[in-house]
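# A closer look at the structure
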Amino acid sequence: MNYRTAIVTTLAEIGEAAWSELLASQAEATPFLSYAFLHALHESGCASADTGWQPNYLVLWQGEVLAAALPLYLKMHSYGEYVFDWAWADAYRQHGLEYYPKLLSAIPFTPVSGTRLLARDGEARAALLAFLQAQQQAADVSSCHILFPPESEARQLEEAGYLMRSGVQFHWLNPGYTDFEQFLATLEHKKRKNIRAERRKVIDAGVTLRQVRGTETTDADWQLFHRCYSNTYAEHRSSPYLSLEFFQRIGASMQQNILLVIAEREGRAIAASLVIHTADTLYGRYWGALEHVPCLHFETAYYQPLEFCIANGIATFEGGAQGEHKMARGFLPQKTWSAHWLAHPAFADAVQRFLERERGGIDAYLDELNEHSPFRA
């Protein structure tokens, strides 16, 4: 079947209606693939050529219908990806080769699994993958990386010649708890005791929490959240990836998917977390504080969202990147995937051998984690 192909540098070239219609046909879409989220990243300047995230989306049109699309970026660094290839870049440098620019299919600053090869059917998906392979060969890039696809998509990429890499995240699963206490009752005694102690410290510090749905947020809430978020980055001597404008944009366009948790003491807001959710999945995302209170991070970013999941029948809470400490709070390890193509044959062979060794380590790590379940036998 003939498709009209294009590379676009802004979603405005595609249009919200066409993008949303394509996304609605996907089995494993997430809110982070929405036009509202991606367009906010680009238009706010957070993911743009100026920050080393040049959008180069691949699209296939069938007449006036968007048949397939791939979120794709020309990257000048490896920040904000959460699948780490710094060692590969360093090896290139040591051999006098340039690792950047590279091609990257991912949601900027968002380690959430979901479809990357957006397509209306298998034929369109195959054509999109062929288009990607042609572009990575023609472009002056060292490599191409597809981060956090679902396993089925990762296997399709593997069949197409990409190298597979796996990682670990931690997710909380809700079998239908009626309240937080019922969840606690499923944990080992020590874990249950520690969670209660952590929550008590927050109460004893005079902190109260309020959950603010996206439809109820005000601009003052977003100003507060961004101050908290930026302050926490500053305390770690780092610069935040996301701007106030970005948060304001998604606050206006994704209200049904947003929950803010705001912590207050003596009538003054001191911390906040932001989570994104659908009817069945909640994604832990961003947090920040203006002053330190012991265990406030756990209360604001974990326990309050867990209560929200239980109250609203949300089945899964994805805790984000890394963090073995999440297991003590009822989160369990889950395997994630990424796919990689390197243009240089010798480096491709070296990376393949590295990934084979790493894969064995990841599998052993998962086995060890699963032997230390936080739940009662």
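Residues numbered from 1 in each chain as written. Predicted model: local features only at pLDDT ≥ 70, side-chain atom pairs only at ≥ 80, totals over all residues. Heavy atoms only, no water.

In the nomenclature of an unreviewed UniProt entry, the protein chain corresponds to GNAT family N-acetyltransferase from the organism Janthinobacterium rivuli.

Okay, the sheet that holds strand 8 (residues 143–147) next. Read across the sheet, 11 strands follow the order 2-5-6-8-15-9-14-13-12-11-10 without closing on themselves; strand pairing throughout is mixed. Strands at the two margins of the open sheet, each flanked by one partner only, are strand 2 (53–55) and strand 10 (207–213). Going across the sheet, the axis of each strand differs from the next one's by a mean of 30 degrees, ignoring polarity. Strand direction decides the pairing type here: strand 6 (residues 102–105) and strand 8, joined by 3 bridges, are parallel. When the sheet's bridge partners are listed, serine 105 is paired in strand 8 with isoleucine 146. (Pairing = 2+ DSSP bridges. Helix = DSSP H or I, 4+ residues; strand = E, 2+ residues; numbered from the N terminus. Axes fitted to C-alpha atoms, helices over the stretch in contact; angles between N-to-C directions.)

Moving on: unusual backbone geometry. Following tyrosine 100, the chain continues into proline 101 via a peptide bond in cis, with omega recorded as 10 degrees. With respect to the secondary-structure elements, proline 101 resides in the loop between helix 3 (86–94) and strand 6. Phi at phenylalanine 109 is positive, roughly 60 degrees, even though this residue is not glycine. Tracing the sequence through the fold places phenylalanine 109 in the loop between strand 6 and strand 7 (118–119). With a phi close to 55 degrees, arginine 237 is a non-glycine residue in the positive phi region. By the secondary structure assignment, arginine 237 is in the loop between helix 8 (219–235) and helix 9 (244–253).

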